[in-house]
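Report on the structure
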Amino acid sequence: MSEHTRLVAWVRGRVQGVGFRWYTRARALEIGGLSGFALNLEDGRVQVVAEGPREGCQGLLEWLTGDDTPGRVDGVTEIWDTPRGGYDGFAIR
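First, a word on scope: everything that follows refers to the structure included in this document. (Residues numbered from 1 in each chain as written. Predicted model: local features only at pLDDT ≥ 70, side-chain atom pairs only at ≥ 80, totals over all residues. Heavy atoms only, no water.)

A word on the overall build of the protein. Assigned secondary structure in the protein consists of 2 helices and 5 strands. Going from N to C terminus, the protein has its helices and strands arranged as β-α-β-β-α-β-β. Oriented by its inertia axes, the alpha-carbon framework of the protein measures out at about 35 × 25 × 20 Å. Burial analysis of the protein (93 residues in total) assigns 39% to the buried set. Counting every atom, the protein has about 5100 Å² of accessible surface; 45% of that belongs to carbon and sulfur. If the 11 positive side-chain charges of the protein are averaged to one point and the 13 negative ones to another, these points end up 5 Å apart. (Helix = DSSP H or I, 4+ residues; strand = E, 2+ residues; numbered from the N terminus. Buried < 20%, exposed > 50% of the residue type's maximum accessible area, 1.4 Å probe, protein only. Areas by Shrake-Rupley, 256 points an atom, 1.4 Å probe, with all protein chains shown as cover. Lys, Arg positive; Asp, Glu negative; His and termini not counted. Charge placed at Lys NZ, Arg CZ, Asp CG, Glu CD.)

Here we come to the packing of aromatic side chains. Inspection of every chain in the model, using the stated rule, returns 3 aromatic pairs. Ring geometry for Phe20 and Trp63: centres 6.0 Å apart, planes at 35°, overall tilted. Linking Phe20 in helix H1 (residues 20-31) with Trp63 in helix H2 (residues 54-64), this pair joins segments that are 43 residues apart in sequence. For Phe20, a relative accessible area of 1% puts it in the buried group. Between the aromatic rings of Trp22 and Tyr23, the centroid separation amounts to 5.0 Å while the plane-to-plane angle is 85°, which identifies the pairing as edge-to-face. The class for Tyr23 is partly exposed, based on a relative accessible area of 42%. The cationic tip of Arg54 hangs over the ring face of Trp80; the distance from NZ or CZ to the ring centre is 4.9 Å. (Phe/Tyr/Trp six-rings, centres within 6.5 Å; stacked < 30°, edge-to-face > 60°. Lys NZ or Arg CZ within 6 Å of the ring centre and 35° of its normal.)

Okay, the nonpolar core next. In terms of nonpolar packing, the biggest core is built from 18 residues, with Val11, Phe20, Val46, Val48, Leu60, Leu64 and Phe90 touching the most fellow members. Going through the elements one at a time, strand E1 (4-14), H1, strand E3 (46-53) and H2 are the ones with two or more residues in this core. Per-element tally for this core: the top contributor is H2, with 5 residues. Of all hydrophobic cores here, the second largest spans 5 residues; its members include Val8, Phe37, Leu41 and Val49. (Core = buried A, V, L, I, M, F, W, Y, C linked by side-chain atoms within 4.5 Å.)

A separate point is the sheet that holds strand E5 (residues 90-92). In sheet architecture, strand pairing relies on hydrogen bonds along the backbone and comes in two forms, parallel and antiparallel. One open sheet accounts for 5 strands, arranged E4-E1-E3-E2-E5; its pairing is mixed. Each edge of the open sheet carries a strand with a single partner, namely strand E4 (72-81) and E5. Averaged over all neighbouring strand pairs, the angle between strand axes comes to 15°, with direction disregarded. One ladder, built from 6 bridges, connects strand E2 (residues 35-40) with E3; its direction is antiparallel. Bridging across to E3, Ser35 finds its partner in Glu51. Docked against the sheet, H1 engages E1, E2, E3, E4 and E5, running at close to 175° with respect to E5. Sheet strands touched by H2: E1, E3, E4 and E5. Its angle to E3, the strand with the most contacts, is close to 155°. (Pairing = 2+ DSSP bridges. Axes fitted to C-alpha atoms, helices over the stretch in contact; angles between N-to-C directions. Contact = heavy atoms within 4.5 Å.)

Everything listed is a geometric property; what it means functionally is a separate question.
This is the structure we're talking about:
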């Protein structure tokens, strides 16, 4: 059985106004088994919260730090934690 985890990531760079949250949701749905959200923050970052199988969260993190994202990612800070639940699918906030 796969270990479930919670990933919280803050993405820095030119990540607002370029469809970043939409593509993040699409990638999470493509990976499957993930719930959570992507949220624009006032300081220009995007916060991504994903819960589900560790390998799915790791795959989403690899996408966030890769070259295939819209805009420009200058860096990602992440925290791993235990899942809290309460999400209905993967949302754009």
